[in-house]
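# Understanding the architecture of this molecule
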Amino acid sequence: MRPLGTVLRHWQMRRVLKRCPIPHRIWQRVTRRLLVLKGLDAVQMAHLRELTTWFLDQKSINGAQGLDVTTSMRVAVAAQACLLILNLGIEYFDGWVEVILYPGAFRVNHEQMDAIGLVSNEASDLTGESWLHGPVILSWEDVERNSYHYHGGHNVILHEFAHKLDGLNGTMNGMPPLRRSMLLKKWSEALSEAYDVLCKQVAAGESTFINPYAATNPAEFFAVLSEYFFTAPNILKKNCPDAYEQLLLFYQQPESRR
Ligand SMILES: [Zn+2]
């Protein structure tokens, strides 16, 4: 017997699919061009469409600074976000409701604390941001660039929504809730080892096997690793096979995409 929560989810999903389907023409036109979806077969695409429909019903995607958000833009964001949970389940996107799209990079002011506890205000331009219990914020210009032009290891949507998976435990620390079949120890060892190698490369001023931004902290490492897993998996397979194997167990992507 399936648990009550799962039954309710399925019932809710069926209702959503009936009530607000994505127009076929828009689905085809948008997803045909999304590079990160190449390699999904018809069954996987159908499942992705269900998840995307659910996403668009449950989450709001709003424009900032006067950006007019079209249905095609919503589908482009939601479909790529849902690729992360294609084999995980919709509950992995629990706990938040809003996505905010800026026309381009957006300026933020964040307080930073240095090693001796001094707090300073630092302004920076971001292409994406993911709040622990709040919204995901994205630059539409960068979403478009990453969606339609191949640049292995870079996809701001995958990056920011991977932070959402990570934060599901209540803290962003590079440790999303793992599948029951996975071992915490193996995940920690594999990712820590790869993280240490990267940090050493950065410290030594050497060229790094992935985007050096991943050395910022374990949360950024997991988010960047997720970008590579879906857009340039061979780089992970070659340089950190154990971490790649753990991501494979977690995301469970089909053979055709590996
Ligand atoms: Zn990040």
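Above: the structure in question.
Report follows, based on the coordinates. (Residues numbered from 1 in each chain as written. Predicted model: local features only at pLDDT ≥ 70, side-chain atom pairs only at ≥ 80, totals over all residues. Heavy atoms only, no water.)

## Observations regarding the coordination of the zinc ion
Surrounding the zinc ion are the protein donor atoms H159 (NE2), H163 (NE2), E220 (OE) and E220 (OE), which sit 2.0 to 2.7 Å from the metal. In this structure, the zinc ion is coordinated by four donor atoms arranged in irregular fashion, with angles at the metal of 52 to 143°. Sequence positions of the residues that donate to the zinc ion give the spacing H-x3-H-x56-E. Here H159 pairs with H163, and both are found in helix α6 (residues 156–166), just four residues apart, close to one helical turn. (Donors = N, O, S within 2.8 Å, 3.2 Å for Na, K, Ca; no water. Tetrahedral: all angles 85-135°; square planar, octahedral: opposite > 155°, others 65-115°. Helix = DSSP H or I, 4+ residues; strand = E, 2+ residues; numbered from the N terminus.)

## Some words on the packing of helix α4 (residues 71–84) against helix α5 (residues 140–148)
Contact pair α4 / α5: the axes reach a minimum separation of 11 Å and the direction vectors enclose 65°. Where α4 crosses over α5, the handedness of that crossing is left-handed. Here M73, A76, V77 and Q80 of α4 lie close against α5, whose contacting residues are W140, V143, S147 and Y148. Across the contact of α4 with α5, the residue classes tally to six nonpolar, two polar and no charged. (Axes fitted to C-alpha atoms, helices over the stretch in contact; angles between N-to-C directions. Left-handed = near helix turned anticlockwise from the far one by under 90°. Contact = heavy atoms within 4.5 Å. Nonpolar A, V, L, I, M, F, W, Y, C, P; charged D, E, K, R; others polar.)

## A closer look at the pattern of salt bridges
Tallying each qualifying case throughout the model produces four salt bridges. Note that R107 and D125 form a salt bridge whose closest N and O atoms lie 2.9 Å from each other. Taken together, the residues R107 in strand β3 (residues 106–113) and D125 in strand β4 (residues 119–126) connect sequence positions 18 residues apart. With a relative accessible area of 59%, R107 lands in the exposed category. The partner of D142 in a salt bridge is R145, with the nearest N and O atoms 2.9 Å apart. In this pair, D142 and R145 both sit in helix α5, three residues apart, roughly one turn of the helix. Judged by its relative accessible area of 10%, D142 falls in the buried class. Taken together, the salt bridges that share partners define one network made up of E141, D142 and R145. (Salt bridge = Lys/Arg side-chain N within 4 Å of Asp/Glu carboxyl O. Buried < 20%, exposed > 50% of the residue type's maximum accessible area, 1.4 Å probe, protein only.)

From the geometry alone we can't say anything about function, so treat these as descriptive.
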